[in-house]
Amino acid sequence: MIYDYIKEHYKEAEPIFFSDLEKGSISKSALNQQLKKLCEKGLLQKYDTGIYFLPKKTRLKSVIGPNADMVARYRFISRGDNVDGFYGGNSFANQLGITTQVPMVVEIISNNTHSSNREVRIGDRRFYVRRPVVPVTKENVYVLQMLELLKNLDVYLDYSYEVARDKFAEYITVHGIKRSDVNLYIRKYPVIIFKYYYELELDYVLA
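The following refers to the structure shown.

Parameters at a glance
- Residues numbered from 1 in each chain as written.
- Predicted model: local features only at pLDDT ≥ 70, side-chain atom pairs only at ≥ 80, totals over all residues.
- Heavy atoms only, no water.
- Helix = DSSP H or I, 4+ residues; strand = E, 2+ residues; numbered from the N terminus.
- Areas by Shrake-Rupley, 256 points an atom, 1.4 Å probe, with all protein chains shown as cover.
- Lys, Arg positive; Asp, Glu negative; His and termini not counted.
- Charge placed at Lys NZ, Arg CZ, Asp CG, Glu CD.
- 1 Å grid on protein atoms, 1.4 Å probe; cavity = no way out; pocket = protein on both sides within 12 Å on 5 of 7 lines; lining within 4 Å.
- Points joined across faces, edges and corners; volume = space filled by probe spheres on them.
- Pairing = 2+ DSSP bridges.
- Buried < 20%, exposed > 50% of the residue type's maximum accessible area, 1.4 Å probe, protein only.
- Polar contact = N/O pair within 3.5 Å; in protein donor to acceptor, adjacent residues only side chain to side chain.
- Phe/Tyr/Trp six-rings, centres within 6.5 Å; stacked < 30°, edge-to-face > 60°.
- Contact = heavy atoms within 4.5 Å.
- Axes fitted to C-alpha atoms, helices over the stretch in contact; angles between N-to-C directions.

### A word on the overall build of the chain
No. 1: Of regular secondary structure, the chain possesses 10 helices and 11 strands.
No. 2: For the chain, the exposed area adds up to about 11800 Å²; of that, 48% sits on carbon and sulfur atoms.
No. 3: With 30 positive and 25 negative side-chain charges, the chain shows a spacing of 7 Å between the two charge centroids.

Here's what the structure looks like:
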């Protein structure tokens with residue numbers, strides 16, 4: 001039964017995508033019927049089109065489910081040991097600490113999109129999803145995220161290059177990015193990226 005599979009593979013309040021469940025031997029129509037019955041019994045709840053979750057009850061008996069950011073992360077960035085994308089643009093610039101801007105639309109670079117770029121609405125949140133220059137993996141995710149930001153640095157930078165250099169240096173150290181990693185991918189990006197790379201003197205930071 002599909003419910004046993006869901007209970008075994010998913011935690012409470014975790015997004016469950018119809019497209020993942022559909023990969024089994026059950027037909028689409030039969031799967032729809034089973035999920036509908038589980039929702040009617042209160043064993044499952046629908047978050048949005050094609051997205052379900054096992055309801056988590058609080059002490060006050062209210063139900064907790066996933067939020068939009070969690071759904072976006074599971075769909076486009078990472079789930080379990082799989083890494084398929086990363087945050088870009090102002091979203092990552094803010095995380096890195098080189099801008100104070102908080103984006104209204106969260107930018108994500110992901111393998112899990114069929115078009116080159118598109119806006120996706122999940123719940124009450126908007127996400128702008130783009131394809132990466134090369135497929136994202138666990139091994140290259142951090143260097144690609146850094147290079148994506150570098151290619152348009154002046155668009156996002158609210159501070160001096162000295163501040164940016166320190167932030168990038170910290171990021172490089174934390175994630176163990178090497179010069180050989182950068183050399184492998186930097187030519188996949190526009191030539192302007194070399195300007196920012198040398199302006200920030202990142203070659204001296206990389207091992």
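Let us keep going from here.
### Looking at the layout of surface pockets
No. 1: In this structure, the largest pocket spans a volume of roughly 700 Å³.
No. 2: Lining the largest pocket are 25 residues, with Phe17, Ser19, Asp20, Tyr74 and Arg79 sitting closest to its centre.
No. 3: When contributions to the lining of the largest pocket are tallied by element, the ones reaching two or more residues are helix 1 (2–9), helix 2 (18–21) and helix 4 (68–77).
No. 4: By volume, the second largest pocket amounts to about 260 Å³.
No. 5: If you go around the second largest pocket, you meet 17 residues; those closest to its centre are Phe92, Gln95, Gln145, Tyr171 and His175.
No. 6: Counting only elements with at least two residues in the lining of the second largest pocket, the list comes to strand 8 (85–87), helix 5 (89–96), helix 6 (141–150) and helix 8 (161–175).

### Some points on the sheet that holds strand 1 (residues 16–17)
No. 1: Here 3 strands make up an open sheet; going across it, the order is 1-3-2 and the pairing antiparallel. Here the strands that pair on one side only, and so sit at the sheet edges, are strand 1 and strand 2 (45–48).
No. 2: The sheet contact formed by strand 1 and strand 3 (residues 51–53) spans 2 bridges and is antiparallel. Residue pairing across strands places Phe17 opposite Ile51, the latter belonging to strand 3.

### So, the pairing of strand 2
No. 1: Bridging between strand 2 and strand 3 involves 3 bridges; their strand directions are antiparallel. Bridge pairing in strand 3 links Lys46 to Tyr52.
No. 2: Linking two consecutive strands that pair antiparallel, namely strand 2 and strand 3, is a turn of 2 residues; a positive phi of about 75° is found at Gly50 within it.

### Things to note about helix 4
No. 1: The set of residues buried in helix 4 consists of Ala68, Val71, Ala72, Tyr74, Phe76 and Ile77.
No. 2: If you check the start of helix 4, you find a side-chain oxygen 3.2 Å away from the backbone N of Asp69, and it comes from Asn67.

### As for the packing of aromatic side chains
No. 1: Considering all chains together, one arrives at 3 aromatic pairs under this definition.
No. 2: On the basis of an interplanar angle of 75° and a centroid distance of 6.4 Å, the ring pair of Tyr142 and Tyr171 is categorised as edge-to-face. Here Tyr171 lies in helix 8 and Tyr142 lies in helix 6, a separation of 29 residues in the sequence.
No. 3: With a relative accessible area of 35%, Tyr142 lands in the partly exposed category.
No. 4: Judged by relative accessible area, which is 7%, Tyr171 ranks as buried.
No. 5: Plain terms: the ring middles of Tyr197 and Tyr198 are 5.1 Å apart, the flat faces sit at 80° to each other, and that makes the pair edge-to-face.
No. 6: Residue class for Tyr198 comes out exposed when judged on its relative accessible area of 53%.

### Details of the environment of Asn112
No. 1: Residue placement: Asn112 occurs in the loop between strand 9 (105–110) and strand 10 (117–122).
No. 2: For Asn112, a relative accessible area of 32% puts it in the partly exposed group.
No. 3: Once the C-alpha coordinates of Asn112 and His9 are considered, the two residues, 103 residues apart in sequence, prove to be 21 Å apart.
No. 4: Discounting chain neighbours no more than four positions away, the residues touching Asn112 are Arg75, Phe76, Asp84, Arg118 and Arg131.
No. 5: Within the structure, Asn112 has its side chain in polar contact with the backbone oxygen of Arg75 (distance 2.9 Å).

### Topic: the sheet that holds strand 11 (residues 125–130)
No. 1: Pairing is mixed across the open sheet formed by 4 strands, whose spatial order is 8-9-11-10. Only two strands of the sheet have a single partner each, and these edge strands are strand 8 and strand 10. Within this sheet the neighbouring strands show an average axis-to-axis angle of 30°, counted without direction.
No. 2: Where strand 8 and strand 9 come together, 3 bridges link them in antiparallel fashion. Looking at strand 9, one finds that Gly85 is bridged to Ser110.
No. 3: Strands strand 8, strand 9, strand 10 and strand 11 of the sheet are contacted by helix 4, whose axis makes an angle of about 140° with strand 10.

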